[in-house]
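# Overview (structure and organization)
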Amino acid sequence: MNRFTDLKGEAVPESHPTLVVHGLVKHFGPVIALARAELEVRPGEIHALVGENGAGKSTLVKLLAGVYQPTAGEMILDRQPFEPRTPADARDAGIAVIYQEPTLFPDLSVAENVFMGRLLTGRGGLVSRRAMRDRTRELLATLGVEIDPDRPALGLSIADQQLVEIVKAVSLDAKLLVMDEPTAALSGVEVDRLFAVARQLRDRGAAVVFISHRFDEIFALCDRITVMRDGEHVSTQDTAATDVGTIVKQMVGRSVDTMFPHTDRTPGDVVLEVEGLTRAGTFDGIDLHVRAGEILGIAGLVGSGRSEVVRAVFGIDPYDSGSVRIDGRVLHAGDPEAAMRRGLALVPEDRRKQGLHTDLSVARNIALTLRRRLSRGGILTSSAEYGVAHEWAAILQVKARDLDTVAGTLSGGNQQKVVLAKWLSTRPRVLIIDEPTRGIDVGTKAEVHRLLDRLADEGVAVVMISSELPEVLGMSDRVLVMHEGRVTAVLDRADADAETVMAAATGSSGVVA
Amino acid sequence: MTVDQVRTVPAAPTTQARLRKLLLGRDAAIIGLFLVVVLVASFSVDNFSTSTTWYFLFLDVFPILLIALPMTLIIIAAQIDLSVASMLGLSSVLVGALYEQGWSLGAAALAALVVGALGGALNGFLVTVVGLPSLAVTIGTLALFRGLAVGILGTRAVTGFPSGAQDLVSARFAGTGIPVVMAVFVVAALGFGVVLHATATGRLVYAAGLNAEAARFAGGRVNRLTFWLFVASGVMSALAGVYWTLRYGSARGDNAVGLELSVVAAVLVGGVSIFGGRGALPGVIAGVLLIGALRSALRLADVSSDVINVVTGVLLIATVVGPGLVARARGATRRPGTRSSVGAVD
Amino acid sequence: MIGRLLRRRETSIALALVLVIVVATAKNDSFLLSTDGFRDLLLAPSLLVLLAVGQAAVIITRNVDLSVSSTLGLVAFATGSMFVAGLPVPVVIVLGIGLGAVLGAVNGVLVTSARVPSLVITLGTLYAFRGITVIWAGSDRINAGDMPRSFLALGTARWGGIPVLAIVALLVVVGVGVYLGYARSGREFYAIGSEPDAALLSGLSVGRRVFFAFVLSGTLAGLAGVLFAARYATIASNAGTGLELQAVAAAVIGGVAIFGGSGTVAGAALGAILLATIDRALPILGIPDFWQQAVVGVLIIGAIVLDRVLALRTARRLRSTGVAEIVRPLPPERVIAS
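This is a predicted model, so every value here is computed, not measured.

Rules used in this analysis
- Residues numbered from 1 in each chain as written.
- Chains lettered and ligands numbered in written order.
- Predicted model: local features only at pLDDT ≥ 70, side-chain atom pairs only at ≥ 80, totals over all residues.
- Heavy atoms only, no water.
- Helix = DSSP H or I, 4+ residues; strand = E, 2+ residues; numbered from the N terminus.
- Buried < 20%, exposed > 50% of the residue type's maximum accessible area, 1.4 Å probe, protein only.
- Contact = heavy atoms within 4.5 Å.
- Areas by Shrake-Rupley, 256 points an atom, 1.4 Å probe, with all protein chains shown as cover.
- Domains from an automatic or database assignment.
- Salt bridge = Lys/Arg side-chain N within 4 Å of Asp/Glu carboxyl O.
- Pairing = 2+ DSSP bridges.
- Axes fitted to C-alpha atoms, helices over the stretch in contact; angles between N-to-C directions.
- Buried area = accessible area lost by both parts, 1.4 Å probe.
- Expected span 1.5 Å × (residues − 1).
- Polar contact = N/O pair within 3.5 Å; in protein donor to acceptor, adjacent residues only side chain to side chain.
- Phe/Tyr/Trp six-rings, centres within 6.5 Å; stacked < 30°, edge-to-face > 60°.

All right, on to the overall build of chain B then. A count of helical and extended segments in chain B gives 14 helices and 2 strands. Across the 346 residues that make up chain B, the buried fraction comes to 60%. Long-range pairs, those at least 24 residues apart, make up 77% of the contacts in chain B with a sequence separation of at least 6. About 13100 Å² of surface is accessible on chain B, with carbon and sulfur atoms providing 66% of the total.

Before going further, it helps to examine the domain arrangement of chain A. Domain annotation for chain A reports domain 1 (19-102 + 211-252), domain 2 (266-343 + 428-513) and domain 3 (355-427). A straight line from the C-alpha centre of domain 1 of chain A to that of domain 3 of chain A covers 33 Å.

Residues and elements named next belong to chain A. Per the stated rule, a full pass over the model turns up 40 salt bridges over all chains. Notably, a salt bridge pairs Asp477 with Arg265, separated by 3.2 Å at the nearest N-O pair. With Asp477 in the loop between α16 (469-475) and β19 (478-483) and Arg265 in the loop between α8 (244-252) and β11 (270-279), this residue pair connects regions lying 212 residues apart in the sequence. Exposure class is identical for Asp477 and Arg265. Each is buried.

All names here are of chain A. Reading across the sheet, the 6 strands line up as β16-β17-β18-β13-β19-β20 and stay open at both edges, with mixed pairing between neighbours. Edge strands, defined here as strands with exactly one partner in the open sheet, are β16 (344-347) and β20 (486-492). Neighbour-to-neighbour, the strand axes of this sheet turn through a mean angle of 15°, independent of strand direction. Pairing analysis gives 4 bridges linking β16 to strand β17 (residues 430-434), with the strands arranged parallel.

By a widespread convention, an interface's size corresponds to the accessible area lost as its parts come together. Each partner contributes to the interface: chain B provides 44 residues, whereas chain A provides 67 residues. Approximately 4800 Å² of surface area, both sides summed, lies buried where chain B meets chain A, with 55% of it carried by carbon and sulfur atoms. For the pair chain B and chain A, the number of links is 6 salt bridges. Among the ionic pairs, Arg311 of chain A bridges to Glu213 of chain B, the shortest N-O distance being 3.9 Å.

With that settled, the discussion passes to helix α4 (residues 84-100) of chain B. Over its 17 residues, α4 of chain B extends 24 Å from the first C-alpha to the last, a length consistent with the 24 Å expected when each residue adds 1.5 Å. With 15 of 17 residues buried, α4 of chain B is to be regarded as a mostly interior element.

A separate point is the side chain of Asn107 of chain C. Residues and elements named next belong to chain C. Its place among the elements puts Asn107 in helix α6 (residues 89-114). With relative accessibility at 0%, the residue Asn107 sits in the buried group. The contacts of Asn107, once residues within four sequence positions are left out, are Asp65, Ser67, Ile121, Thr122, Thr125, Phe129 and Phe214.

Quick look at the interface of chain C and chain A now. With 29 residues of chain C at the contact, the number on the chain A side is 34 residues. The junction of chain C with chain A conceals about 2500 Å² of combined surface from both sides, 59% of it contributed by carbon and sulfur atoms. Linking chain C with chain A are 1 salt bridge, by the criterion used here. In this assembly, chain C and chain A are joined by 6 residue pairs in polar contact (both at pLDDT 80 or more). Looking at the side of chain C that touches chain A, the elements that each hand over two or more residues are α9 (164-182), α10 (184-194), α11 (196-201) and α15 (292-320) of chain C.

Another aspect to go through is the packing of aromatic side chains. Aromatic rings in a pair are described by how distant their centres are and how their planes are angled relative to each other. Residue and element names in this part refer to chain C. Going through the model one piece at a time under the given rule, you end up with 15 aromatic pairs over all chains. Arranged with centres 5.3 Å apart and planes meeting at 75°, the rings of Phe77 and Trp136 form a pair that is edge-to-face. Separated by 59 residues along the polypeptide, Phe77 in helix α5 (residues 68-84) and Trp136 in helix α7 (residues 118-137) bring together distant segments of the chain. For the ring pair Phe189 and Phe212, a centre distance of 6.4 Å and an interplane angle of 80° mean the geometry is edge-to-face. With a gap of 23 residues between them, Phe189 in helix α10 and Phe212 in helix α12 (residues 206-232) connect regions that are remote in the sequence.

Written out as structure tokens, the structure is:
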């Protein structure tokens, strides 16, 4: 790989790059999503694209995929000008894209999902279900996945959905494969499988663009790295010739303390206590407790039931048996409003779908959880909402033009701050936070970590779910690990290391005492 | 991105900015359009600016006004109730049938309102407890309630209601063209308006309409809210049914067939988004009155009253389609699918 | 295999249909066993079947076409008027169907270009098309005497003992059914209705398919309008009023999910036949036919409740097999007829 030269334009004798992006610009009305993107991807290369949220990575992907059309600049695919008007154009030109969120059709079969847009036909030009089923089965087999090609996509786990996406991309036999944070919902085995596929494609001569926030993955997989910041190209370098610190510095434009803040503290009384919580087929006999001034980390693979447990605790989902107590008093199931009154807060996993009203203003979002408390004589005024929103926007340093700014137009990090403001403004005694830093930039990440540590110092009981092992290990006073709906380990900070946690999370025998 | 470059703490917008937003908003536009129609009609149509014209205009749109109040909240909450006109018909038939059986008019009307509440509760139950889409549910109850109404009276009509009651609904405030029943509407409109725009419940209506899941995560009892919205809709529809019976002096199974579409049309013309989460009551009221004013102006101008159907349809499409087309004509590239992940700018 | 067949909505609707026919025939054997009875059994639902098939195609794309009854009315009146103007039968038929297609295209253009829900658009054109008919017709009627006898014969003609109208309806069901089930572009209807965003990302021509769905619905409503003229021979400006909800009801009862993505044309057609047959059976069962609409209401609600219960059961089954399921959000959280 390293025979190739850099962007500066020296001749590349072996072959021409598969894709060249030059001076690409994209405006959405007044918003500049992409200021000047540069990218060069060669055949037989896995190329990482990194940057903070808002750096323009996903916009670039959607330009490549033909979802958007650029405002200015050029894309060159295989030495031909490339101007896709639609996703179909991009696909026909040999580009396959795996999006951050799966884009399946729940009502259609897995096989039809794989081939939608170019369904295989048989006799008389009619769609041949058998041909698609057979081909899908083959493709799934090469991935080592067992999914029935005839079953509907409805009901597939997120990981399985992502695998179907991968099969779809592979079946295209594309010359350029773009993966936009494909691992966000995957863990362990599935990530390995995905990497194997990516390497296979590379070895066949395809060009692969890989977007991720996980540096371990990038350094394990990619040949070169392109860094973007504020919609502009910052650098392109060989992976072998750089390190995480350099990349992070380039991403944020300053150096960031990657250490997790952790203050030694003595936890107080147990505030939240869960006993034998069970929901058939989802989680089974969950016991957990958390004390005031303590951070309890919950680790586990996606699908282990982590999020489902806290959803049930908070009252979003029902449960079949077991109990939830706050300060020793039972909290009744299925009533988030009651949970909030008792001092519980849940910052949900999916920011755009659960945490935020993307079409509402910053003020309305922050004040939504307080709408009853802010009412006087049943009347709720805008000025009361602005007051509390202003206070919390200041504390969390939300960056927005004004409080009427629509929350959905903010960057991921700022959106997460709005969600945090929304929940912290209720002054919770127990803060449950699911994936506190998913999809947000490095700078905001550190801010969130400091904030959680400070909250624990102030005596809040914090329950933190995270898929990022370093985050769990770095932040938690105790770590609880789940596997297939059960608690497989509870570890003190001193005993919790990556191997032990991963073993418990994957259900490996002999590790859990 | 541009937004993020602002480095100060975001503050509440200035009064000026809020005023500007209000004046450039959808509500102001539809109220303005209503006033323009009134003005133009006053000058160009003989007899339009008389109190009699307004009197009949109000009497005619009164049922639509009543039902549009809960309908506004329901559509903002991203639901829909297509069964309202059938409930109106059922209520009317009940008033007639019970009166015929010797009940007092008051008791019959009260029974009709109770049935309205029960019918709304049935819709609410199917939507919230069983978890069915309200569009499908209320198409079903549209048929069911109308079927009950037609089944009970067949093609008969009950008439001969006490003239005192009939006079009451058509009475007007002395010296004006304003019917006394408008007082009922004003009270109801204030009630619904305050709930929607100045209470915690109102905030939840919008939140539920934009994203019900996030509203639940924020502690909103979305199902309970939805249930009561449908009950309110049932009661207001039944109330409109009582009015209809007395105003036209006739209880029939086919009273107000198709009125649900007029109500929905008026609410949408009034600036409420069919996707939920957007819209306000003043605009809706202006929307209902706009259609009513057009109708009576056309009638006075001796245009066949049938034209009004075309006008309503075109107005509906124009007011809903118009803004999007204008935006596109201006060349503002709107992000496709802003409500979905497809349009998310990372 | 048999279990799967039994679980299908088409099967349960067909069974319900047989039940209604058996009960009505037991009560009065002329319901089925007389020549007229048999003919009416096939004839009565024919027009509704056409509308329901078009409606199913539209609903599968997560849209709805409320304007079909007005399209039918306008085309029926136009058909009569063209005969009054002296045009020959084949020309009138073609022009009538063509007018339906044009009206459907109007809906299609508005829906796809304005990004406004079809519920709103077709509510508007429901008014507008009907208004045009009313303005055009006034209080005029087209009567049997205005139309050639050869055309009117279509309405009652039989071919091998089967009414021609029923044969037309059957051909339409088979044709559209094969298209939606086995043509590439037909399958894309389901994809679009199942997940519109994903359809765009998969490179489907969403706009073109949705446009075509409306043209199809308009065309079939036009065909129904022409046949309405032939069958009823008297056409006033209110012809077909209210049929739009019956068409939607037929599709929903027949298992077409109101939010798109699933259901079949055959199911919708069976739904239409069931509705029309119940309509005829009620008087025989001693129930005044005023109650027909109430029965329709109960059927619609029953059908969607059944769907929901089955879906919940499937979700529970998937969960109990240990698969971390992603159940669809509850319908109330989904956008109305977007």
